[in-house]
Amino acid sequence: MKVIKVLGPGCKKCKQLEETAKQAVAQLGEGYEVIKVEDMEQMMKYNIMSSPGLVIDEKLISAGKTYSVEELKEIFIK
Amino acid sequence: MIKSFADWLIFEVTGLVPGSRLGEALNFFVYDTIKIIFLLFVMTVIMGFVNSYFPVEKVKAFLTKRNWYGLDHLLVSIFGAITPFCSCSSIPLFMGFLKGGIPLGVTLSFLITSPLVNEVAVAIFIGIFGWKITLIYAGSGILMGALVGWILGKLKLEPYVEDWVQKAMSQQSVNQENKIAEKVLFKDRIRPVMKEALGIIKGVLPYLFIGIGIGGAIHGFIPTGYFEQWITKDNPFAVPVAVILGVPMYANATGIIPILQALVSKGIPLGTALAFSMAVVGLSLPEATLLRKVMKPRLIAWFFGSVTLSIILLGYLFNLIL
């Protein structure tokens, strides 16, 4: 089970990333879970400087970026 | 080129007569909109590349490398101006800077300039008010951010950062050495930068249409000099009232600047209008509520109070020199 976290206090880009991540996971099938982290204290543990942050299995992948569903699928499979 | 396209579209295609009120208004609308969209595209792409090569993480590393003896306020203020601003990033940024050992005053310098001078506002300013006014706006915004941050830094306001932030600053992160992949080739940067730029433009476009539309209506229907009966340069209250009205407002720079330009053409003093736009673009109530998560009320009051006061002073100065 890969745990995908979307870190973001709720701006437009954060919602966008959460949405695409959910779509990507839905297309990939079993084995993934998307969690939205909105709590600042939690978020700061990953040292992000811009939101949204993308975290896979506790590893920060990117900050301040949005992706297409296809791009996310590739990232999740890796 | 844009002018001849606008002329062609309005006067040739639709057959409106040059010089007619509707024809001129539509011509103005088409010309202004295309010009500003072009400027927006150029600015967002340039800023996109700057940001792609110098993300905030690099800025932070750069600032913590050595002692800058106060120059860091100016540097960070310039960085704040050239990095794209997103209100939801201001808190992670605030935390990230403090955690990286950047002084509170320097962090505040960034926080002042980042929303105040941004690529969208600058593009619209160039399109509507021209280069000179844009340089005055951006230049004074950057200097103000540096100076106010420096003064606030001297006031030892660190205790008024929220307790949980102070606690978090001393704690280790889950993964301290989070390095986001570097070494990206230029050609691989183009696509995301373009995507981002088009996204920004798409987002502000409706406000731009509304702003230019209202501006056009003011141009067409309000007599020249109309506002001079209430607001003149000699009225000492105009600037503070405009600024204090502007501070809580959360309006899109895209929409507000074309309207302001129209108002200026009808007799509102330029300096007052510039100060108002600084207040609207730079500070807002939603930003205050966001910052409340990391700052105690006292720090917010200092932050907003000093920026508001500086904008008022700048407004008087603008009215003197412009």
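Basis of the calculations
Residues numbered from 1 in each chain as written. Chains lettered and ligands numbered in written order. Predicted model: local features only at pLDDT ≥ 70, side-chain atom pairs only at ≥ 80, totals over all residues. Helix = DSSP H or I, 4+ residues; strand = E, 2+ residues; numbered from the N terminus. Buried ≥ 20, exposed ≤ 12 C-beta atoms within 10 Å, placed from the backbone. Contact = placed C-beta atoms within 7 Å. Nonpolar A, V, L, I, M, F, W, Y, C, P; charged D, E, K, R; others polar. Pairing = 2+ DSSP bridges. Axes fitted to C-alpha atoms, helices over the stretch in contact; angles between N-to-C directions. Parallel < 35°, antiparallel > 145°, perpendicular 65-115°, else oblique. Left-handed = near helix turned anticlockwise from the far one by under 90°. Core = buried A, V, L, I, M, F, W, Y, C linked by C-beta atoms within 7 Å. pLDDT = per-residue confidence, 0-100.

Some thoughts on the overall build of chain B
Then step 1. Helices and strands together make up the secondary structure of chain B, namely 15 helices and zero strands.
Then step 2. For chain B, the spread of C-alpha atoms along the three principal axes comes to 70 × 55 × 30 Å.
Then step 3. Looking at chain B as a whole, 43% of its 322 residues qualify as buried.
Then step 4. Considering only contacts within chain B whose residues lie at least 6 apart along the sequence, 86% involve residues at least 24 apart.

Quick notes on the interface of chain B and chain A
Then step 1. With 20 residues of chain B at the interface, the matching set in chain A holds 23 residues.
Then step 2. Listing elements by their share of the side of chain B that touches chain A, those giving two or more residues are helix 3 (56–64), helix 5 (90–99) and helix 9 (163–170) of chain B.
Then step 3. Of all the elements, helix 5 of chain B adds the most residues to the side of chain B that touches chain A, at five residues.
Then step 4. Taken together, the residues of the side of chain B that touches chain A sort by class into eleven nonpolar, six polar and three charged.

A closer look at the sheet that holds strand 2 (residues 32–37) of chain A
All names here are of chain A.
Then step 1. The four strands lie next to each other as 2-1-3-4, forming an open sheet whose pairing is mixed. Of all the strands in the sheet, the pair left with one neighbour each is strand 2 and strand 4 (59–63). Between one strand and the next, the sheet's axes are offset by a mean angle of 20 degrees, whatever the strand orientation.
Then step 2. Where strand 1 (residues 2–7) lies against strand 3 (residues 53–56), four bridges are found, and the strand directions are antiparallel. Each residue of the ladder has a partner; that of L7, found in strand 3, is G53.

Regarding the packing of helix 8 (residues 131–154) of chain B against helix 15 (residues 297–321) of chain B
Residue and element names in this part refer to chain B.
Then step 1. Where helix 8 contacts helix 15, the two axes come as close as 10 Å, and the packing angle between them is 140 degrees. Taken as axis vectors, helix 8 and helix 15 run oblique relative to one another. Of the two possible hands of crossing, helix 8 and helix 15 adopt the one that is right-handed. In contact with S140, M144, V148, I151 and L152 of helix 8, helix 15 contributes W302, F303, S306, V307, S310 and L314.
Then step 2. Its residues assigned to classes, the contact of helix 8 with helix 15 comprises eight nonpolar, three polar and no charged.

Regarding the nonpolar core
Residue and element names in this part refer to chain B.
Then step 1. I124, F125, A275 and A279 are the most contacted members of the largest nonpolar core, which has 103 residues in total.
Then step 2. Per element, the largest residue contribution to this core is nine residues, and it comes from helix 7 (residues 119–129).
Then step 3. Leave out the neighbours within four places in its chain, and A275 touches V239, A242, V243, I311, I312, L314, G315 and F318.

Remarks on the pairing of strand 3 of chain A
Residues and elements named next belong to chain A.
Then step 1. With four bridges joining them, strand 3 and strand 4 adopt antiparallel strand pairing. Residue pairing across strands places L54 opposite S62, the latter belonging to strand 4.
Then step 2. In textbook terms, the turn of a hairpin is the stretch between consecutive antiparallel strands, and for strand 3 and strand 4 this stretch comprises two residues, one of which, D57, has a positive phi near 45 degrees.

What about the packing of helix 10 (residues 186–221) of chain B against helix 12 (residues 253–265) of chain B?
All names here are of chain B.
Then step 1. Direction vectors running N to C along helix 10 and helix 12 enclose 10 degrees, while the axes themselves pass 6 Å from each other. Overall, the two elements helix 10 and helix 12 adopt an arrangement that is roughly parallel. When the axes of helix 10 and helix 12 are compared, the crossing they make is right-handed. Between helix 10, through V204, Y207, L208, I210, G211, I212, I214, G215, I218 and H219, and helix 12, the contact on the second element is made entirely by T254, G255, I256, I257, P258, I259, Q261, A262, L263 and S265.
Then step 2. Of the residues in the contact of helix 10 with helix 12, the class split is 13 nonpolar, seven polar and no charged.

Looking at helix 7 of chain B
All names here are of chain B.
Then step 1. For helix 7, a buried count of eleven out of eleven residues is recorded, marking the element as mostly surrounded by other parts of the structure.
Then step 2. All of the buried residues along helix 7 are E119, V120, A121, V122, A123, I124, F125, I126, G127, I128 and F129.
Then step 3. Each element contacted by the buried residues of helix 7 is listed here: helix 2 (21–53), helix 8, helix 10, helix 12 and helix 13 (270–282).
Then step 4. Remark: G130 follows helix 7 within two positions and exhibits a positive phi of approximately 95 degrees.

Points about the environment of I214 of chain B
Then step 1. As for its position among the elements, I214 of chain B is in helix 10.
Then step 2. When the C-alpha positions of I214 of chain B and I256 of chain B are compared, they lie 9.5 Å apart, and in sequence the two are 42 residues distant.

A short note on unusual backbone geometry
Residues and elements named next belong to chain A.
Then step 1. A positive phi is found at D57, a non-glycine position, where the angle reads about 45 degrees.
Then step 2. Counting through the fold element by element, D57 comes out in the loop between strand 3 and strand 4.
Then step 3. Not every positive phi belongs to a glycine, and E58 is a case in point at roughly 65 degrees.
Then step 4. Take E58: it is sitting in the loop between strand 3 and strand 4.

Some thoughts on the confidence of the model for chain B
Then step 1. Summing up the model confidence of chain B, the mean pLDDT is 86 and the portion of residues at 70 or higher is 94%.
Then step 2. For this predicted complex, the interface confidence reaches an ipTM of 0.71, while the overall pTM sits at 0.84.

So, the environment of L111 of chain B
Residues and elements named next belong to chain B.
Then step 1. With respect to the element layout, L111 can be found in helix 6 (residues 104–116).
Then step 2. In the structure, L111 is positioned 38 residues away from G149 in sequence and 8.8 Å away in space, judged by C-alpha atoms.
Then step 3. If we skip the residues at most four places from it in the chain, L111 touches S90 and F94.

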